[in-house]
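Here's the letter readout for the chains.
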Amino acid sequence: RLSLRKRLVFSVIICLVGLGFLEGTLNFFGVARDYVHFRNNLPTATDSPESHHAQHDPDLGWVHIPDRVHHDFYGPGLTLSIGNRGLRQNPQSVDRNRAGLFRVVCLGDSFTLGYGVDDAETFPVRLQALNPRVEAVNMGQGGYSVGQCYLWYRRLGGELKPDCVVLSMITDDIWRMNSTRMMNGYSMPRFQLEDGRLVVSGQPVPAKIPTGESLESSSQAVSFFLQHSAIGQTTRQMLNSDSSLKQSDARKQLLEVTVEIVRTMQGFVERSGGRFVLVLLPEFRELIDEQAYRENRFVANRLEELSDQLSIPFLDLTGAFTVLTAEQRADHYLDEQWHHFSSKGNQLVSERLHAFLSGHVINYPSQQK
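As a starting point, this report considers the structure included with it. Everything numeric in this text was worked out from a predicted model, so none of it was measured.

### What about the overall build of the protein?
Part 1: Within the protein, the secondary structure is distributed over 13 helices and 11 strands.
Part 2: Expressed as a percentage of contacts within the protein between residues at least 6 apart in sequence, the contacts between residues at least 24 apart total 72%.
Part 3: Carbon and sulfur atoms make up 53% of the accessible area of the protein, which amounts to about 18,900 Å² in all.

Have a look at this one:
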């Protein structure tokens, strides 16, 4: 028989265990209720303009559907034409003789593609218009990350035989590599470093999910429970983790992945006798939001260091747009969700790019029309 003192201690322990069990049970039901709310409010796959001219690709995620002409695609008179290689067509290159022309491949995302403007108004076409001895190839794909640009060029670069490759990126092209699925429902491969070596995973890439279906992944569900459950909260407190620091570390890692991608692409291009050029394009939000501008500078500084190390010509076009007045900026960007370059914005990019290539790329024709 237990003494009174031991019975009291035992009773207290039983009560504490019971209360802990009750709290855990209530916490579980509370987390479950919050998860239902979280899941119901998750973003769903949306219908995007790219969905109308793209198709699933098991290696890249998605590519243009070749041999399609979309009249009035971005508005009356604004045509989007995709050629037989799956590249946006250059109306000034039709039936042109390749002999004697300096071929510049413009590689990038929707800003290079020329989202929102006509075939003749993209900056690759405007670049060619500045010099009759230049042939510009538009290798832009809406929504692509830096990693997807690398994979796409590795597939087509040998066939295109460029004299110069211009990789134009925005900061979001880097952060996209932290995602596995875009808002339009298309998936993408993963890119990471292992022992300093670039590793591509997630291939074959899953097919596009239907419009309206939840974009939630299993990792998001696990992350939710770790953040909201009592065990997860206690573990984070014990480890003294900080989400903002984790995000900062993740972005630093993605930037280093980008550095290795650029290093690898430079090798591809130069081994085939071409010259590799890096361009940073500013997004509209980076001109008006201080935090976004700081991220832009963070990326620009690292790319500048890389440029010095590898002797890669690097053109940072942020300054060319920050000096514009608010009214001028509105003229250089489109009034749509992503604020792509307008016709004037593409013209400014082409002029600055032409001047830069004239001064930094050997054998680039400097003669203007």
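What follows continues from the structure just given.
### Quick notes on the sheet that holds strand E6 (residues 134–140)
Part 1: The parallel open sheet is built from five strands, whose spatial order is E6-E5-E7-E10-E11. Looking at which strands have only one partner, the edges of the open sheet turn out to be E6 and strand E11 (314–316). The mean inter-strand angle of the sheet, taken between neighbouring strand axes irrespective of direction, is 20°.

### A word on the packing of aromatic side chains
Part 1: Applying the stated criterion across every chain yields a total of 13 aromatic pairs.
Part 2: Between Tyr 115 and Trp 338, the ring centres sit 5.8 Å apart and the planes meet at 75°, which makes this aromatic pair edge-to-face. Of this pair, Tyr 115 sits in the loop between helix H2 (110–113) and helix H3 (123–129) while Trp 338 sits in the loop between helix H12 (326–332) and helix H13 (343–360); the two residues are 223 residues apart in sequence, bridging distant segments of the chain.
Part 3: Residue class for Tyr 115 comes out buried when judged on its relative accessible area of 9%.
Part 4: Site record: aromatic cluster; members linked through ring pairs are Phe 111, Phe 284, Phe 321, Tyr 333 and Phe 341.
Part 5: Looking at Lys 208, its charged tip hangs above the ring of Tyr 186, at a distance of 5.8 Å from the centre.

### What to know about the nonpolar core
Part 1: Formed by 47 residues in total, the largest nonpolar core has its most connected members in Met 139, Leu 167, Met 169 and Ile 174.
Part 2: Not counting residues up to four positions away in its chain, the partners in contact with Ile 174 are Val 146, Met 169, Leu 254, Leu 255, Thr 258 and Val 299.
Part 3: Of all hydrophobic cores here, the second largest spans 29 residues; its members include Cys 106, Leu 287, Leu 324 and Phe 356.

### Focus: the pairing of strand E9 (residues 197–201)
Part 1: Bridge count for strand E8 (residues 190–194) against E9 is five bridges, and the pairing is antiparallel. Among the inter-strand pairings, Leu 193 is bridged to a residue of E9, identified as Leu 198.
Part 2: A loop of two residues connects E8 with E9, the two strands running antiparallel in sequence, and Asp 195 in this loop sits at a positive phi of about 55°.

### Let's talk about the side chain of His 53
Part 1: Mapped onto the secondary structure, His 53 falls in the loop between helix H1 (4–40) and strand E1 (54–57).
Part 2: One polar contact links His 53 to His 64, side chain to side chain, over a distance of 3.2 Å.
Part 3: Filtering out sequence-adjacent residues up to four positions away, His 53 remains in contact with Val 63, His 64, Ile 65, His 70, Phe 73, Leu 80 and Leu 113.

### Comments concerning the environment of Pro 206
Part 1: Residue placement: Pro 206 occurs in the loop between E9 and helix H6 (218–228).
Part 2: Since its relative accessible area comes to 42%, Pro 206 is described here as partly exposed.
Part 3: Once residues lying within four places of it in the same chain are set aside, the contact partners of Pro 206 are His 56, Arg 181 and Ser 187.

### Some remarks on the pattern of salt bridges
Part 1: Per the stated rule, a full pass over the model turns up 16 salt bridges.
Part 2: Of the charged contacts in the structure, one is a salt bridge between Glu 283 and Arg 285, with a shortest N-O distance of 3.2 Å.
Part 3: The exposure class assigned to Glu 283 is buried, which follows from its relative accessible area of 10%.
Part 4: Ionic pairing is found between Glu 305 and Arg 302, a salt bridge with its closest N-O pair at 3.4 Å.

### Concerning a nonpolar patch on the surface
Part 1: The grouping of Val 9, Ile 13 and Val 17 at the surface amounts to a nonpolar patch, some 260 Å² of accessible area in total.
Part 2: Among the secondary structure elements, Ile 13 is positioned in helix H1.
Part 3: On the basis of relative accessibility, which here comes to 46%, the residue Ile 13 falls in the partly exposed class.

Each value, and the rule that gives it
Residues numbered from 1 in each chain as written. Predicted model: local features only at pLDDT ≥ 70, side-chain atom pairs only at ≥ 80, totals over all residues. Heavy atoms only, no water. Helix = DSSP H or I, 4+ residues; strand = E, 2+ residues; numbered from the N terminus. Contact = heavy atoms within 4.5 Å. Areas by Shrake-Rupley, 256 points an atom, 1.4 Å probe, with all protein chains shown as cover. Pairing = 2+ DSSP bridges. Axes fitted to C-alpha atoms, helices over the stretch in contact; angles between N-to-C directions. Phe/Tyr/Trp six-rings, centres within 6.5 Å; stacked < 30°, edge-to-face > 60°. Buried < 20%, exposed > 50% of the residue type's maximum accessible area, 1.4 Å probe, protein only. Lys NZ or Arg CZ within 6 Å of the ring centre and 35° of its normal. Core = buried A, V, L, I, M, F, W, Y, C linked by side-chain atoms within 4.5 Å. Polar contact = N/O pair within 3.5 Å; in protein donor to acceptor, adjacent residues only side chain to side chain. Salt bridge = Lys/Arg side-chain N within 4 Å of Asp/Glu carboxyl O. Patch = residues over 30% accessible without salt bridge, like charges linked within 9 Å, V, L, I, M, F, W, Y side chains within 5 Å.

Limitation: the analysis is restricted to geometry and does not speak to function.
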